[in-house]
Amino acid sequence: MFLGLDLGTSGLRGLLVDDQMQIIAEAEAAIETSTPSPGWSEQDPADWVEACQRVIASLKQANPNALASVRGIGLSGHMHGATLLDEAGQVLRPCILWNDTRSANEAFALDGLSDMRAITGNIVFPGFTAPKLAWVRAHEPNIFAKTAKVLLPKDYLRYWLTGEFISEMSDSAGTAWLDVGQRAWSGTALELSHMNASQMPDLVEGNAPSGEVRAQLLQDWGMSGPVIVAGGAGDNAAAACGIGAIDEGTGFLSLGTSGVLLVAKNAYAPDPETAVHCFCHAVPDRWIQMGVILSATNSMNWLSRNLGQPVSALAGALPDQVNGPSAITFLPYLSGERTPHNDSAIRGAFLGIDVSSEPADLTQSVMEGVSFAMRDCLEALKATGTEPSRLLAVGGGARSRFWLETLATVLDVPLALPEGSEFGAAMGAARLAACAVTGATPSDVMVAPSIAEHIEPRAELLDAYENAYQRYRQYYKAVAPLAAR
């Protein structure tokens, strides 16, 4: 048996699979996020440990024999979080999360240093780890002085599981301290941000062993052991492993809290000026390119909260087929934007609302606005020479046929709906665990799922949606200078 643990922003998910990657049991535990100041987003690492304990307890209750047979654990987690430890391995402050915007000034300063983009292959975004430490250095100098190790969220779980300070390349690529092409920490990038190599964990590939679960935990959980913990992956790279996107040109479009358009690459292909993320993949000699928007289904959650209607009811009020774009344009910049704008100041807007506008009109506009933002990501990827011919559609938003048809038509790219429901980050983590334990070749384990259905672009509506997309782009150019004031 193999266990995939995916530490998400809202909770931790555990997936127990057999050696054929068939699901035996699954469990989830919620995790709270605190916002002590506007733009701040933090979590207590102790809550991750508690959530992991609850997930393991649920799995043990559901199938104790299967849990006892676990031979490997894979870890996935939300990226960029800064977990600061002192010399004794004690947490110094709450983890600053990926969607925390307090370090925008520090990110701008680091990004302006001539070597940073060349080394890391990326813009230094405010959500990345390095500017968070620069903020701590400026505003919490006593804590900065005590910082002996900086761990990413899933790597803190690894430390608790194994006692080892280890990370892997896909997650570490989002720190702005990694030489992404060389898949190693950069002494120059660390020095530019007043850090040093001793504060970094050791690195392994995601499909390699990183340690073994501590004896006390094996006893507590009824595992016979030994249980190897794989290097694992950042959440998007893990999802790519779960969906079989590890070879050149394979990829997916994910409509989760954030939106991701990811394509695997056989070679390092950075182009930071496009605001495309170029990170290491979780398997050797592979990289990924990603366009990322910060509010995908989160835009629907925001609309639901303000209209007082469940997301399911709002989405259910729309037809299965699109019949042309809305007259209302929604800018989904509720928390700023990454690709392609790298704009932490921009905020969302409805433009073109009318006295006759109904909740269904606003819902359609939100889905279209997110689709236009994903088109921005696609155009940024195209500027690097990456042109996917098909994308797998995953995430909560993929349940809406209307949204999928909108996306396919806006992108002018066919979308494929995988058969079944489990091919996400937890499955990717479990697959990485299987590779670490058995030594299997990743391409033999990380196979693509069967396809249930293809969603084709609506050819007769391409021009109408193209015009609506161009209007969307003009609205951004008009609103952005006002938001910056």
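Quick note: structure is the one above.
These numbers were taken from a predicted model, which means no experiment stands behind them. (Residues numbered from 1 in each chain as written. Predicted model: local features only at pLDDT ≥ 70, side-chain atom pairs only at ≥ 80, totals over all residues. Heavy atoms only, no water.)

Q: Where do I start with the sheet that holds strand β23 (residues 415-418) in this structure?
A: To summarise the sheet geometry, strands pair through backbone hydrogen bonds and adopt either a parallel or an antiparallel arrangement. Reading across the sheet, the seven strands line up as β18-β19-β17-β16-β22-β23-β24 and stay open at both edges, with mixed pairing between neighbours. The outermost strands of the open sheet, each flanked by one partner alone, are β18 (277-280) and β24 (451-455). On average, each strand axis in the sheet is tilted by 30 degrees relative to the strand beside it, whichever way the strands run. Sheet contacts for helix α11 (residues 235-243): β16 (251-255), β17 (259-265), β19 (287-293), β22 (391-394) and β23; angle to β16, the most-contacted strand, approximately 120 degrees. (Pairing = 2+ DSSP bridges. Helix = DSSP H or I, 4+ residues; strand = E, 2+ residues; numbered from the N terminus. Axes fitted to C-alpha atoms, helices over the stretch in contact; angles between N-to-C directions. Contact = heavy atoms within 4.5 Å.)

Q: Can you help me understand the pattern of salt bridges in this one?
A: Pairs can form between side chains of opposite charge whenever their charged atoms are close. Per the counting criterion, the structure on display carries 21 salt bridges. Residue E379 is joined to R375 by a salt bridge in which the shortest nitrogen-to-oxygen separation is 2.8 Å. In this pair, E379 and R375 are both assigned in helix α14 (residues 359-383), four residues apart and thus about one turn of the helix distant. Residue E379 is classed as partly exposed on the basis of its relative accessible area, which comes to 30%. Linked through salt bridges whose partners overlap, the residues forming this network are E42, R93, D100, R102 and E140. (Salt bridge = Lys/Arg side-chain N within 4 Å of Asp/Glu carboxyl O. Buried < 20%, exposed > 50% of the residue type's maximum accessible area, 1.4 Å probe, protein only.)

Q: What exactly am I supposed to notice about the nonpolar core here?
A: Counting 57 residues, the largest nonpolar core has L133, W177, M195 and F252 as the members making the most contacts within it. At six residues, the largest contribution of residues to this core is made by α11. Of all hydrophobic cores here, the second largest spans 52 residues; its members include L255, V276, L331 and I455. (Core = buried A, V, L, I, M, F, W, Y, C linked by side-chain atoms within 4.5 Å.)

Q: I would appreciate a short explanation of the side chain of D111 in the present structure.
A: Locating D111 in the fold gives a position in helix α3 (residues 104-111). Excluding residues within four positions of it along the chain, D111 makes contact with R117, N122, I123 and V124.

Q: Which parts of the structure should I look at to understand unusual backbone geometry?
A: Where the residue is not glycine, phi is negative for most of them; where a peptide bond is considered, it is trans in most cases. At the junction of G225 and P226, the peptide bond is cis and its omega measures out at -5 degrees in the coordinates. Its place among the elements puts P226 in the loop between α10 (215-221) and β14 (228-230). Following T339, the chain continues to P340 via a peptide bond in cis, the omega torsion being 0 degrees. Residue placement: P340 occurs in the loop between β20 (329-331) and β21 (349-351). Of note, H194 is a non-glycine position whose phi angle comes to about 60 degrees, a positive value. On the secondary structure map, H194 appears in the loop between α9 (187-192) and β12 (202-204).

Q: Can you walk me through the packing of aromatic side chains in this structure?
A: A ring pair, where both rings are aromatic, is described by two values, the distance of the centres and the angle of the planes. Counting across every chain of the model gives 16 aromatic pairs. With a centroid separation of 6.2 Å and an interplanar angle of 40 degrees, the aromatic rings of Y268 and W287 are classed as tilted. Highlighted residues: Y268 in the loop between β17 and β18 and W287 in strand β19, separated in sequence by 19 residues. Taking relative accessible area as the criterion, Y268 reaches 27% and is therefore assigned partly exposed. Arranged with centres 6.4 Å apart and planes meeting at 20 degrees, the rings of Y469 and Y472 form a pair that is stacked. Residue Y469 and its partner Y472 are located together in helix α18 (residues 462-483), separated by three residues, close to a single helical turn. In terms of burial, Y469 and Y472 fall into one category: buried. Put simply, the rings of Y333, F372, Y469, Y472 and Y476 pair up and form one aromatic cluster. The positively charged end of R102 is found above the aromatic ring belonging to W135, 4.7 Å away from the centroid. It is R183 that lies over the ring of W287; its NZ or CZ is 5.0 Å from the centre. (Phe/Tyr/Trp six-rings, centres within 6.5 Å; stacked < 30°, edge-to-face > 60°. Lys NZ or Arg CZ within 6 Å of the ring centre and 35° of its normal.)

Q: Hey, could you run me through the environment of P284 in this one?
A: Its place among the elements puts P284 in the loop between β18 and β19. Classification of P284 by relative accessible area gives partly exposed; the value is 32%. Taking the C-alpha atoms as reference points, P284 and H341, 57 residues apart in sequence, are found 30 Å from one another. Sequence-distant contacts of P284, defined by excluding residues within four places in its chain, comprise R183, E205 and N207.

Q: Explain the packing of helix α12 (residues 297-307) against α14 to me, please; I cannot follow it from the model alone.
A: In helix packing, the relevant descriptors are the interaxial angle and the interaxial distance, both defined with respect to the helix axes. Between α12 and α14, the shortest axis-to-axis distance is 10 Å and the interhelical angle comes to 160 degrees. Judged on the interaxial angle alone, α14 and α12 are roughly antiparallel. For the pair α12 and α14, the sense of crossing is right-handed. Contacts between α12 and α14 involve S299, M300, L303 and L307 on the former and, on the latter, P359, L362, T363, V366, M367 and V370. Its residues assigned to classes, the contact of α12 with α14 comprises eight nonpolar, two polar and no charged. (Parallel < 35°, antiparallel > 145°, perpendicular 65-115°, else oblique. Left-handed = near helix turned anticlockwise from the far one by under 90°. Nonpolar A, V, L, I, M, F, W, Y, C, P; charged D, E, K, R; others polar.)

Q: Got a minute to help me understand helix α1 (residues 45-62) in this structure?
A: Side chains three or four residues apart in an α-helix point the same way, a direct result of the helix having 3.6 residues per turn. Helix length check: α1 (18 residues) gives 26 Å between terminal C-alpha atoms against 26 Å at 1.5 Å per residue, within 8%. Of all the positions in α1, only P45, W48, V49, A51, C52, V55, I56 and L59 are classed as buried. Considered in projection along α1, the buried side chains sweep an arc of 160 degrees and stay on one side of the axis. Where α1 starts, the residue carrying a side-chain oxygen 2.9 Å from the main-chain nitrogen of A46 turns out to be D44. (Expected span 1.5 Å × (residues − 1). Arc of directions from axis to C-beta. Polar contact = N/O pair within 3.5 Å; in protein donor to acceptor, adjacent residues only side chain to side chain.)

Q: Is there a simple way to think about the pairing of strand β5 (residues 72-77) in this case?
A: Within β5, six of the six residues are buried, which leaves it mostly tucked inside the rest of the structure. Of the two faces of β5, the one carrying G72, G74 and S76 and the one carrying I73, L75 and G77 are both buried. As judged from the six bridges shared by strand β1 (residues 2-7) and β5, these two strands associate in the parallel manner. By the bridge assignment, G4 is partnered in β5 with G74. As paired elements, β5 and β14 share two bridges and run parallel to each other. Bridging across to β14, I73 finds its partner in V229. As paired elements, β5 and strand β15 (residues 233-234) share two bridges and run parallel to each other. By the bridge assignment for β15, G77 is matched with G234.

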